[in-house]
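So you can see what is in the structure, the chains are spelled out below.
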Amino acid sequence: MLRAGQANVQGVTDFDDFDAFLGLDRVIDLALAPDGSTLVATVASLNKDGNKLVNALWSVDPAGEQPARRLTRSDKGESGPVFAADGSVLFTSTRGADDDDEPAALWRLPAGPGEPRKVLERPGGVAAVKVARDAGTVIISSPVLPGSVDGKADQARRKARKDAKVSAILHTAAPVRYWDHDLGPDELHLLRLSAFGADDQPDADGDPRDLTPAPGRALDEVAFAASPDGATVVTAWSVPDDPSIRRTRLVAIDAASGEQRVLAEEPWEFYGDPDVSRDGASVVAVRMQDLGYDDPPRVTLRLFELASGQSRDLVDDQELWPGSPVFSVDGTAIFFTADQCGHRPIFRVSVATGAVTRVSGSGHYTNVLVAPDGRTLYALRDHIDSPPTPVRLDSLATDGEAIALPAPGAATVPGHVEEITTTAADGTEIRAWLALPAATSAQQPAPLLLWIHGGPLSSWNGWSWRWNPWLLVAKGYAVLLPDPALSTGYGEQMLHRGWGEWGGAPYSDLMAMTDAAQQRPDIDDTKVAAMGGSYGGYLANWIAGHTDRFRCLVTHASLWALDQFAGTTDDPANWAREWGLPTDQPERYAEWSPHHFADNITTPMLVVHGDKDYRVPIGDGLRLWWDLQRRGVESSYLYFPDEGHWVLQPGNARVWYETVWAWLATHVHGEK
């Protein structure tokens, strides 16, 4: 087997063999020491049995002069590293647990020599950790059963449920599920701990202080931040507009008393990703305004004065949808990321003037960290043809170059990527990435695979371990990765073109991009297939009912009957805000639901679905499969009883790709 990230002299890469691909290290998180002296990366690697990805912490040299060094080596793995004020690293892990169902505890890795030590256990585990930069106060989120006044009471309640073999959950309001897991019966709480001392114990006596004694479902899937002095926690807080529709306000919680103060709350507004300035005076958060089912939402950055609560929009340009904001050291600027024309750069906005500058050039950036010197940024950078790796950038640059830092996770792809553009039916310029095998030429044209992204508010602008085009390129396919209408990074008009009409401009855009690709001399225009997952699966189903130009289709976790989907998805309220209810907008459901066009389908279809998929429930996959079978359409059904919206277990992922490869080989190349 090749060493990860290497190609041999014949050009064979890790993507030619699925086991080699699984063996590639994956950098998934990044943390920076308070003094800027070291970075800690979370790296997922395949375990020795080859059946599970396990996280480990690695030290990365910010200067890029020393090789990365592994810090932890447990069989259970470590996640969510965050530096304490003294330079030690806090993280969550189930290391040392005999039971695979045991929840994660909080561990501490000393700044100097020494092994990690467990510093806090909670009956429901530790979900997330934040540290006040100056005070060292630790804020954790932890699941707690309702009515539990402390950890001992929570443990007793959990034992009673387990002994009685009770799994039932009584809900009184939505939501009840999220993506691939049930919500409840426990609820996320925010707890405060004092800074840890040298003995791995909090400096103050007593149990963690519960800042949110009865939160209900308010803290599900929300982000929080701590002020540097540890006096305030800022968090999104989910509240119901009615029993079935929720939104998120922004609140500040006094870390001493637990008293809450609402910073922002308006109907149909959603707040998230807060950050607190280093002087503790200001808060920035992402605000999404839901404008109803006739218009796409507006996404802005909102700046707040923490003392007075006064606020103003800082980035309100619908050409950009800002995300993941973080303050500069001196508070005069905020860095954020946003999709833009097939990339996701880092941007800098002036707090005083609102002027926006693009800091980085090409690539897709996440986990942006600001160094203490104020002039340096660290982040993870990836793109269509390169997996995430830690990089260093000049915070004051314009379209600056990222400098890669030595770290695990290198990979050599079996080809190259090109950008192609064309003009849509309504005159809009649209673009795509085209991933091509290395040997492709006019003399040796490649068959074309159209791969449609999900979302739909998304973009083909970054690396994907799950939806990896290079595993298809290695099989000789040219993979077309288009951004049709509803894709992000192209301004508000691109969203309007497909809003509430999923099979309209998005479909015609895909056909225009496929036409453009087929006209290239290095593409075999007689061998064309298409595939997509989630919303991409919806479009694969729509394609099936509206054209027979493709030799075969693959549809994964796909929407089929929209009236059925509307009430069974894990987030029907979000769907209702965009589409309206079937009773209120019946014409939309009649016009744009793929199942109404089932009688037109002749193209062979591979249907893939996971039983634990709560975003697009299994009922849509089963109904699609039945509709194809009873009409005599050539079709197969790949079913995963223990997978959700994504197929994540290594063994199942292997079966997914092997089945897709075989389906394409059969129908594109005529092989058995």
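K.L.:
What is the right way to look at the overall build of the chain in this model?
P.N.:
Helix and strand counts for the chain come out as eleven helices and 38 strands. Reported as C-alpha extents along the three principal axes, the dimensions of the chain are approximately 70 × 60 × 55 Å. For the chain, with 672 residues in total, the buried portion stands at 57%. Of the contacts made within the chain by residues no fewer than 6 positions apart, 55% connect residues no fewer than 24 positions apart. Looking at the chain as shown, the accessible area adds up to about 27200 Å², and 48% of this sits on carbon and sulfur atoms. In the chain, 58 side chains carry a positive charge and 93 a negative one; their mean positions are 4 Å apart.

K.L.:
Just checking my understanding: could you explain empty space enclosed by the protein for this structure?
P.N.:
Rolling a probe over the atoms, with the probe sized like a water molecule, indicates the empty space that remains. Counting across every chain of the model gives one cavity of 30 Å³ or more. Its residues assigned to classes, the lining of the largest cavity shows five nonpolar, two polar and no charged.

K.L.:
I tried to follow the pattern of salt bridges on my own but got confused; where do I start?
P.N.:
Side-chain pairs of opposite charge can arise whenever the charged atoms involved come near each other. Taken as a whole, this structure holds 31 salt bridges when the rule is applied. Ionic pairing is found between R158 and D154, a salt bridge with its closest N-O pair at 3.2 Å. Of the two residues, R158 and D154 are both situated in helix α2 (residues 151-163); the distance of four residues between them amounts to about one turn of the helix. Judged by its relative accessible area of 0%, D154 is buried. Here R520 ties to D522 by a salt bridge, and the two come within 2.8 Å at their closest N and O atoms. This pair shows no difference in class: R520 is buried, exactly as D522 is. Salt bridges here are not isolated pairs; linked through shared partners, they connect E269, R287, R302 and D313.

K.L.:
Quick question: what am I supposed to make of the side chain of T337 here?
P.N.:
Position of T337 among the secondary structure elements: in strand β24 (residues 333-337). Separated by 3.2 Å, the side chains of T337 and R344 make a polar contact. In contact with T337, other than residues within four places in its own chain, are W321, P322, G323, S324, R344, P345, I346, Y365 and V368.

K.L.:
It is not clear to me how the sheet that holds strand β7 (residues 105-109) should be interpreted in this structure. Could you clarify?
P.N.:
Strand pairing in a sheet relies on backbone hydrogen bonds. The paired strands run either parallel or antiparallel. Across the sheet, which stays open at both edges, the four strands sit in the order β5-β6-β7-β8 with antiparallel pairing between neighbours. If you trace the sheet from one side to the other, it starts and ends with β5 (78-83) and β8 (117-120), each paired once. On average, adjacent strands in this sheet sit at an angle of 35 degrees to one another, irrespective of strand direction. Sheet topology note: the strand β6 (residues 89-93)/β7 ladder contains five bridges and is antiparallel. Along β7, the bridge assignment pairs T92 with L106.

K.L.:
Would you mind going over a negative patch on the surface with me for this structure?
P.N.:
Taken together, the side chains of D98, D99, D101 and E102 present a region of like negative charge at the surface. Turning to its location among the elements, D101 is positioned in the loop between β6 and β7. Looking at D101, the relative accessible area reads 68%, which means it is exposed.

K.L.:
Quick question: what am I supposed to make of the side chain of D524 here?
P.N.:
Within the element layout of this structure, D524 appears in strand β35 (residues 523-533). Salt bridges are absent for the buried D524, whose nearest opposite-charge side chain, K527, sits at 4.6 Å. Side chain to side chain, D524 and T526 meet in a polar contact 2.6 Å long. Excluding residues that lie within four positions of it along the chain, D524 makes contacts with P445, A446 and P447.

K.L.:
What's the story with the nonpolar core in this structure? I'm lost.
P.N.:
It is characteristic of soluble globular proteins that their nonpolar side chains tend to be buried jointly. Core analysis: the largest hydrophobic core is formed by 52 residues, its most contacted members being L480, Y538, I543 and W575. In this structure, W575 is in contact with W502, L559, L562, F565, A566, G580 and Y589, ignoring residues within four places of it in sequence.

K.L.:
Teacher, can you tell me more about the packing of aromatic side chains here?
P.N.:
Where two aromatic rings form a pair, the distance of their centres and the angle of their planes describe that pair. Tallied over the full model, the rule gives 29 aromatic pairs. With 6.1 Å between their ring centres and 70 degrees between their planes, W451 and W460 make a pair best called edge-to-face. With a relative accessible area of 1%, W451 lands in the buried category. The buried category is assigned to W460, whose relative accessible area is 7%. Geometrically, the ring pair formed by W502 and W579 is edge-to-face, given 5.5 Å between the ring centres and 85 degrees between the ring planes. With W502 in the loop between α4 (492-496) and α5 (505-518) and W579 in helix α8 (residues 572-579), the pair connects residues that are 77 residues apart, well separated along the chain. The exposure class of W502 is buried, given its relative accessible area of 3%. Judged by its relative accessible area of 0%, W579 falls in the buried class.

K.L.:
Sorry, what's going on with α2 here?
P.N.:
An α-helix turns once every 3.6 residues. As a result, residues three or four positions apart point the same way. For α2, with 13 residues, the first-to-last C-alpha span of 18 Å sits near the 18 Å given by 1.5 Å per residue. G151, A153, D154 and R158 are the residues of α2 that are buried. The buried residues of α2 occupy one face: seen down the axis, they fall within an arc of 165 degrees. Facing away from the buried side of α2, by more than 90 degrees, are the exposed residues K152 and D163. Against the buried residues of α2 lie β10 (138-144). Its side-chain oxygen at 3.2 Å from the backbone nitrogen of K152, D150 defines the N-terminal cap of α2. Phi for K165, located one or two positions after α2, is positive at around 55 degrees.

K.L.:
So what exactly am I meant to see when it comes to the confidence of the model for the chain here?
P.N.:
Detailed reading of the predicted coordinates is not advisable wherever pLDDT falls low. When the pLDDT values of the chain are averaged, the result is 94; 97% of them are 70 or greater. Here residues 1-9 scores under 50 on pLDDT; set against residues more than four positions off or in separate chains, the count is 23 contacts.

K.L.:
Could you clarify how one ought to interpret the pairing of strand β21 (residues 298-305) in this entry?
P.N.:
Along a regular strand, successive side chains alternate from one face of the sheet to the other. Judged by how many residues are buried, β21 sits mostly within the fold: six of eight residues are covered. Bridge count between strand β20 (residues 282-289) and β21: eight bridges; the pairing is antiparallel. By the bridge assignment for β21, V283 is matched with F304. Judged from the four bridges that link them, β21 and strand β22 (residues 311-315) form a sheet pairing that is antiparallel. What sits directly across from L301, in β22, is V315.

K.L.:
Please clarify how the sheet that holds strand β23 (residues 323-327) should be interpreted in this entry.
P.N.:
Judged by pairing direction, the sheet is antiparallel, and its four strands sit side by side in the order β23-β24-β25-β26 without closing on themselves. Of all strands in the sheet, those with a lone pairing partner are β23 and β26 (356-358), marking the two edges. Averaged over all neighbouring strand pairs, the angle between strand axes comes to 25 degrees, with direction disregarded. Relative to strand β25 (residues 346-350), β24 runs antiparallel, the two being bridged by five bridges. Paired with A333 across the bridge in β25 is S350.

K.L.:
For this particular structure, what's the right way to read unusual backbone geometry?
P.N.:
Excluding glycine, a negative phi dihedral is what most residues carry, and trans is how most peptide bonds are arranged. A174 connects to P175 through a cis peptide bond whose omega is 0 degrees. Along the polypeptide, P175 turns up in the loop between α2 and β11 (177-178). A cis amide bond links G184 with the next residue in sequence, P185, at an omega value of 5 degrees. Tracing the chain through its elements places P185 in the loop between β12 (181-182) and β13 (187-193). A positive phi is found at E221, a non-glycine position, where the angle reads about 55 degrees. Mapped onto the secondary structure, E221 falls in the loop between β14 (209-210) and β15 (224-226).

Procedures and definitions
Residues numbered from 1 in each chain as written. Predicted model: local features only at pLDDT ≥ 70, side-chain atom pairs only at ≥ 80, totals over all residues. Heavy atoms only, no water. Helix = DSSP H or I, 4+ residues; strand = E, 2+ residues; numbered from the N terminus. Buried < 20%, exposed > 50% of the residue type's maximum accessible area, 1.4 Å probe, protein only. Contact = heavy atoms within 4.5 Å. Areas by Shrake-Rupley, 256 points an atom, 1.4 Å probe, with all protein chains shown as cover. Lys, Arg positive; Asp, Glu negative; His and termini not counted. Charge placed at Lys NZ, Arg CZ, Asp CG, Glu CD. 1 Å grid on protein atoms, 1.4 Å probe; cavity = no way out; pocket = protein on both sides within 12 Å on 5 of 7 lines; lining within 4 Å. Points joined across faces, edges and corners; volume = space filled by probe spheres on them. Nonpolar A, V, L, I, M, F, W, Y, C, P; charged D, E, K, R; others polar. Salt bridge = Lys/Arg side-chain N within 4 Å of Asp/Glu carboxyl O. Polar contact = N/O pair within 3.5 Å; in protein donor to acceptor, adjacent residues only side chain to side chain. Pairing = 2+ DSSP bridges. Axes fitted to C-alpha atoms, helices over the stretch in contact; angles between N-to-C directions. Patch = residues over 30% accessible without salt bridge, like charges linked within 9 Å, V, L, I, M, F, W, Y side chains within 5 Å. Core = buried A, V, L, I, M, F, W, Y, C linked by side-chain atoms within 4.5 Å. Phe/Tyr/Trp six-rings, centres within 6.5 Å; stacked < 30°, edge-to-face > 60°. Expected span 1.5 Å × (residues − 1). Arc of directions from axis to C-beta. pLDDT = per-residue confidence, 0-100.

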